[in-house]
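Below are the chains, spelled out letter by letter.
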Amino acid sequence: MNAALTRRDLLAAGGGLVVSFALGGSPARADDEAAPAPRLPGSLKDTPLLDAWIRVAPDGRITVLTGKAELGQGLRTALLQLAAEQLAVAPAAIELVTADTGLTPNEGFTAGSHSMQDSGTAIFNAAAQVRALLVGAAASDWNVASETLSVADGMVRAADGRSTGYGPLAAKLSLHVQAQPSSSLDDPASYRVVGKNLPRVDIPAKVTGGAAYVQDVRLPGMLHARVVRQPSAGAVLREVDTAPIERMPSVVKVLRDGSYLAVVAEQEWPAVKAMRALAAAARWDETAALPDEAKITQTIRALPARDISVLAWAGAAAPAAKRLGARYTRPYMMHGAIGPSCAVARLGDDGVMTVWTHTQGVFPLRAALADLLRMPQEKVRCIQTPGSGCYGHNGADDVAGDAALIARALPGRPIRVQWMREDEHLNEPYGSAMLAEVSGAVDAGGNIVDWDYAVWSNTHNRRPAVGGLMLQNAALPDNLPVPPAAPIPMPEGGGDRNSNPIYTFPNARVVYHFIPDMPLRVSALRSLGAYLNVFAIESFMDELAEAAGADPVAFRLRHLQDVRAKAVIRTAAERFGWSIRPPRADGEGRGFAFARYKNLGAYCALALALRVDHESGRVRIGRVVAAVDSGQPISPDGIRNQIEGAIVQSASWTLYESVRFDRQHVTSSDWSGYPIMRFPAAPESIEVHVIDRPGLPFLGTGEAGQGPTAAAIANAIKDATGQRLRDLPFRPATVKAAIGV
Amino acid sequence: MRAVALIAALGLITIIGGAVAAWHSAIAPVTPPTRQSFAADEVARGATLAAIADCAVCHTTEGGRAFAGGRGVPTPIGTIYATNITPDPDTGIGRWSQAAFRRAMREGIARDGSHLYPALPYPHFTRATDEDIDAVYAFLMTRNAVHQETPPNRLPFPLDRRVLLAGWNLLYFRPSVWQPDPEHDAQWNRGAYLVEGVGHCGACHTPHNALGAEETRRTLAGGYAEGWYAPALQRDSPAALPWTDGALAAYLRTGYAPQHGAAAGPMTAVTETLATVPDEDVQAIAVYIAAQMPKRAAAAAGSPPRSGGDPAAAMIFAGACGSCHGDDAQMMRRGEPSLSLGSAVNAPTPRAVIQVILHGVPAREATAAPYMPGFEGMLTDAQITALTNYVRTRFSGKADWSDVGAEVAKSRSGGGA
Amino acid sequence: MAVLNVNGRDRDVQADLDTPLLYVLRNDLALNGAKFGCGLGQCGACTVIVDGAAVFSCLTPIAALAGRRIRTVEGLGTEQAPGTVQKAFIDEQAAQCGYCIAGMVMRAQALLEKNPHPAEQEIRGHMALNLCRCGTHMRILAAVRRAAAAMGTAENGAKG
């Protein structure tokens, strides 16, 4: 959502200050107070009935439902805080049900840092409206004005001492009613739960071995299955002698359907051994030809493109005094969940296929599975069960396809499929390789007067909502149609996400060259194109600042209008001590970068110090200071946790990562072929300053730190060594080659 | 016993050799030369030679500043700490003149006249040309100066008396610049020069006598380094398939050869630095070493691995090793070499197998490279012994090793250097 | 068929002797703590403690475990009464998805039992075998420091 501060009514009522405003939901700009006709806040616009979100049982038990999923981002805790705040109960008094096609609203995917904007806003408002209905019911019972009643701990109290629980009140009214466009929300200053650091509700189980993940699902009679994947795209299974594998101990079934090959066993380890034997026995005809890894961005750039104009600004400006140009690239990158994807499926006697899955979108997955299985959607139920962190579209959906296909062949038996490490590394859809070319000019006063930006990328969305997009489709004999790749339109964008600069330039052109052909299978990886675009823009801002002889922080500030953007930049710079430059040792440098995610979500600025080892080219990150504005913070510590994680993950992307491949196969089949950052190389320290914005719309935070981190590292390496690195990643050998002897 | 004999011998030799050999004058300190006083191409050449010489490997601590010293080098007589060779004037070699540096490289004598321990492989460095030693000097003197004291060596008395090294030098040290062999071409000669000189391959790959000197008549016949076995690089090479110069060059640059296996132990760091060396030098080294080794593999290729082996160890192998080294493991299916092709299982000693089981091959930072976990905590000495024997039986056609249990105990305790 | 001593109890296990401990813990003993991450000893999600040392349970076959003491994260404490290291992880909110965390707790536990006052470099070096993809590294390190301090306090308290 935009910086839409749609605070409209301010009414005093019942002695307390009640602020009424709609959180989110408006596409209007911050300066555009003439908002369009009211629409329901957040996901209420798609699922407007209150009881789809909140139910109060006659005994007072409260159930809150969300169509979003816990991915390790702390969603459960944040949503409980929001509901508890408005329902005036303790978070522990609420049972939260997350994405389940049989129970919850359809909120699409848990992606794009949308959960708080969509689901959080819906639940916050629904809870306020439910509370109002409960209070209203008590008021009419007692024949007093609602404003004279107070609520706390699940009780409604009258001034004369009468009180009643929510249960009896709920029994008298229906929550099966349409939500209203606006809600009576408390003054943010009075929040008891929101804005406080409620400890994450899922952490105690996770550190003590409680059942927390789909990997922990154990059902009676459950079998373990493993899949022998096609060794390369389009490989055809020529022959396999399954008989010796079928005779292996514990093996229940070998499944062969076209080029789809799987084995099912009573126990897990025998299933692994049988899978290996089956893989060794399989003979394939392979035809895949991959491009040259060393020239991948040139290859991408040369592929046919669909050109999309992102923006074109033209205005009067001073003549250009200096013009620079640069090209920035990123390789294919991996999600790399620590736990390989896993799912459990069972075809029941009632003909319903139930799938326990860590997908980001139970409803789209249900559609895709129904397609793949040739079953009606009503006969498929997907229950979201947390998995290992996914960071986008990884193997979660595809493993659910495996479990369902195998469960169909063994009705009544729950089938658990957990991918092996190599299954995940070799078959997850990667984040697209990309490149950006930018040229810009500054005038004699050091102001940017012209900006020309072009970005080339594959799609960043191949999430399955149809069977043709499931991994199994290519292996099965009766192929479903595969929809062509499509770009995600702005303002969210895919490859062009954050290609639109937040800075104010008199002249600017931004073009997205969308490449439909995909040399490697790709889809959404945390922050999509924003990682490269922010890296490119924020690196180039430093290059222009240098050309203008300006301090990078001051240079950014003077090209910004957005007050909140300026505030995060100032906060990060001040807390870092940017204005004080102590004498430094050889190889030390510092860098700064900033972005507002999608120019719609959270603002994040960060400054960091690092040291480049001159001899090896190895980079060690020292102190990192970030500032973030996520609107009204729900849990400041939750925001800090997300930003810290984004910084470390992005540091690993930036300094280490690229998917390796030869002309036929991806060779990054495990962590030795795709190294990620380990503890000794983690930053010395990270501090995240959360800017409090009471009552402002929730802004998605989960992906805000990725792009700025990459650029801040590049800017700091430039500061440390004098060398500007533009091709990710910055491995020691790359850095050493740049700095020379 | 060995230490007593060693001390007695050195003491005797030093006395016989007399004070003249033991005493060297200091070379006057100089004002540290500026970076600008060295030519860029000389510094670049020095960088290559320093990489081939692996200076950084010994003279840098784990995670420490490059060339600042402080790394303890385990030797049979105790721990010797590599010194700070950055141009820091107080704690490094900033006040060393070019002449002082040359003398150290050629004769093992520090600027102040004291003897250096041959943990610094000056018996090899002495074979380098003056121009090359000067280039290394130029390279080191243009590094970032780091102020860092070197810890004192941990050696028992009287081995901490450097004067004893005079006797050692009289016995074993023959200063001489390497001379090309006209029988061979330039590439072979370049390789020989690098291997015998700055590359000091023999410091690990040549057997050492009781006094720590290389056995000159068994050059590159296999030795020990930091508790690991460094296989023979001549006719006794245990490789199952013959090394070609192409395979060797690839191995030296990447730490991995598809027909042989992965570098482990101290060799991993060697391959990491050789990755930065110009191709032609690595090729030359490969050509020279390959020429020392048999064109056809000695015994192993002809005799297939034996079946059988301890069934209990087979269970451990299947559960602990099979996920990578099992015949149908993903690593094997993607075409990586069987253990039967590795030098470790075909070597005359179980040391490399034991070390790699205990310590694995550490993950390399940021770069795709072979990795293996260490099983130190997972398996007991008896289990590692059984597993070592099993691996020998299953993957090598050669006779059983003897005393595996004792070797395991020695490796576990960190000894056996 | 084997007898394994897990968290102080002897357990009869019906599994082939080559079965890695991880599968036995998860499937036969229904212990969720140790996780499958790679099966290759590269990530540490499966870390448990055997005879005081942190080990990859995905690569430790039960054939190797007769008579040895196995400890898992379930043996350190419960949600209601977490152990010192577990409590430190909760106090630092040191988890995002949490999949790696039980392994992190066990590796940290093994370190602190041997070395109650590790330096920062020692902590980082010791924890290097375990991977985290969410980027929770700073909090995990803080939790290990906090646990070390808490253990130190307990030690001093006992002495005082």
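Everything below is about the structure printed above this text.
**Considerations on the side chain of Gln96(C)**
The topology assignment puts Gln96(C) in the loop between helix H2 (84-91) and helix H3 (101-114). What makes Gln96(C) buried here is its relative accessible area of 3%. Residues contacting Gln96(C), with those up to four places away along its chain left out, are Gly72(A), Arg200(A), Asp202(A), Lys206(A), Asn641(A), Gln642(A), Gly645(A), Cys134(C), Gly135(C) and Thr136(C).

**Details of helix H11 (residues 530-547) of chain A**
Helix length check: H11(A) (18 residues) gives 25 Å between terminal C-alpha atoms against 26 Å at 1.5 Å per residue, within 8%. The buried fraction of H11(A) amounts to 17 of the 18 residues, a majority that puts the element mostly inside the structure.

**Side note on the pattern of salt bridges**
Scanning all chains against the criterion turns up 66 salt bridges over all chains. In this structure, Asp629(A) and Arg693(A) form a salt bridge, with 3.0 Å as the shortest nitrogen-oxygen distance. With Asp629(A) in strand E26 (residues 619-629) and Arg693(A) in the loop between strand E27 (685-690) and helix H15 (706-721), this pair connects stretches of sequence that are 64 residues apart. Residue Asp629(A) is classed as buried on the basis of its relative accessible area, which comes to 0%. Salt-bridge contacts for Glu272(B) lead to Arg364(B); the nearest nitrogen and oxygen are separated by 3.6 Å. Taken as a pair, Glu272(B) in helix H12 (residues 266-274) and Arg364(B) in the loop between helix H17 (351-359) and helix H18 (381-395) lie far apart in primary sequence, 92 residues in all. Of the residues examined, Glu272(B) reaches a relative accessible area of 36% and is grouped as partly exposed. Overall, the relative accessible area of 17% leaves Arg364(B) in the buried class. Overlapping salt bridges bring together Arg323(A), Asp450(A), Asp452(A) and Arg509(A) as one network.

**Thoughts on the packing of aromatic side chains**
The geometry of two aromatic rings is summed up by the distance between their centres and the angle between their planes. Summed over all chains, the structure comprises 27 aromatic pairs over all chains. Where Tyr23(C) meets Phe36(C), the ring centres are 6.4 Å apart and the plane angle is 40°; that geometry is what we call tilted. You can see Tyr23(C) sitting in helix H1 (residues 21-28) and its partner Phe36(C) sitting in the loop between H1 and strand E3 (47-50), a full 13 residues away along the chain. The pair formed by Tyr23(C) and Phe36(C) is uniform in burial state, with each residue classed as buried. By the ring-pair criterion, three or more aromatic residues cluster together here, those being Trp451(A), Tyr453(A), Tyr503(A), Phe505(A) and Phe540(A). Above the plane of the ring of Trp578(A) lies Arg590(A), whose end atom (NZ or CZ) is 3.8 Å from the centre. Looking at Lys35(C), its charged tip hangs above the ring of Tyr99(C), at a distance of 5.9 Å from the centre.

**A closer look at the interface of chain B and chain A**
With 27 residues of chain B in contact, the opposing surface of chain A contributes 29 residues. When chain B packs against chain A, close to 2,100 Å² is buried across both sides, 51% of that on carbon and sulfur atoms. Looking at the side of chain B facing chain A, the largest losses of area belong to Arg333(B), Glu365(B) and Ala366(B), adding up to 27% of the total buried there. Where chain B meets chain A, there are nine residue pairs in polar contact (both at pLDDT 80 or more). Among the elements of the structure, helix H3 (40-52), helix H14 (311-325) and helix H15 (330-333) of chain B are those that each provide at least two residues to the side of chain B that touches chain A. If one sorts the elements of the side of chain B that touches chain A by residue count, H14(B) sits on top with four residues. The residue makeup of the side of chain B that touches chain A, split by class, is 13 nonpolar, seven polar and seven charged.

**Structural notes on the interface of chain A and chain C**
Facing 63 residues of chain A, the contacting portion of chain C comprises 54 residues. Of the roughly 4,900 Å² buried between chain A and chain C on both sides combined, carbon and sulfur atoms contribute 55%. Counting the contacts that link chain A with chain C gives five salt bridges. Taken together, chain A and chain C are joined by 35 residue pairs in polar contact (both at pLDDT 80 or more). Those elements giving two or more residues to the side of chain A that touches chain C turn out to be helix H4 (203-208), helix H6 (268-281), strand E20 (415-418), helix H14 (636-656) and E27 of chain A. Here the side of chain A that touches chain C gets ten residues from one element, more than from any other, and that element is H14(A). Partitioned by chemical class, the residues of the side of chain A that touches chain C number 27 nonpolar, 20 polar and 16 charged.

Reading guide: rules and limits
- Residues numbered from 1 in each chain as written.
- Chains lettered and ligands numbered in written order.
- Predicted model: local features only at pLDDT ≥ 70, side-chain atom pairs only at ≥ 80, totals over all residues.
- Heavy atoms only, no water.
- Helix = DSSP H or I, 4+ residues; strand = E, 2+ residues; numbered from the N terminus.
- Buried < 20%, exposed > 50% of the residue type's maximum accessible area, 1.4 Å probe, protein only.
- Contact = heavy atoms within 4.5 Å.
- Expected span 1.5 Å × (residues − 1).
- Salt bridge = Lys/Arg side-chain N within 4 Å of Asp/Glu carboxyl O.
- Phe/Tyr/Trp six-rings, centres within 6.5 Å; stacked < 30°, edge-to-face > 60°.
- Lys NZ or Arg CZ within 6 Å of the ring centre and 35° of its normal.
- Buried area = accessible area lost by both parts, 1.4 Å probe.
- Polar contact = N/O pair within 3.5 Å; in protein donor to acceptor, adjacent residues only side chain to side chain.
- Nonpolar A, V, L, I, M, F, W, Y, C, P; charged D, E, K, R; others polar.

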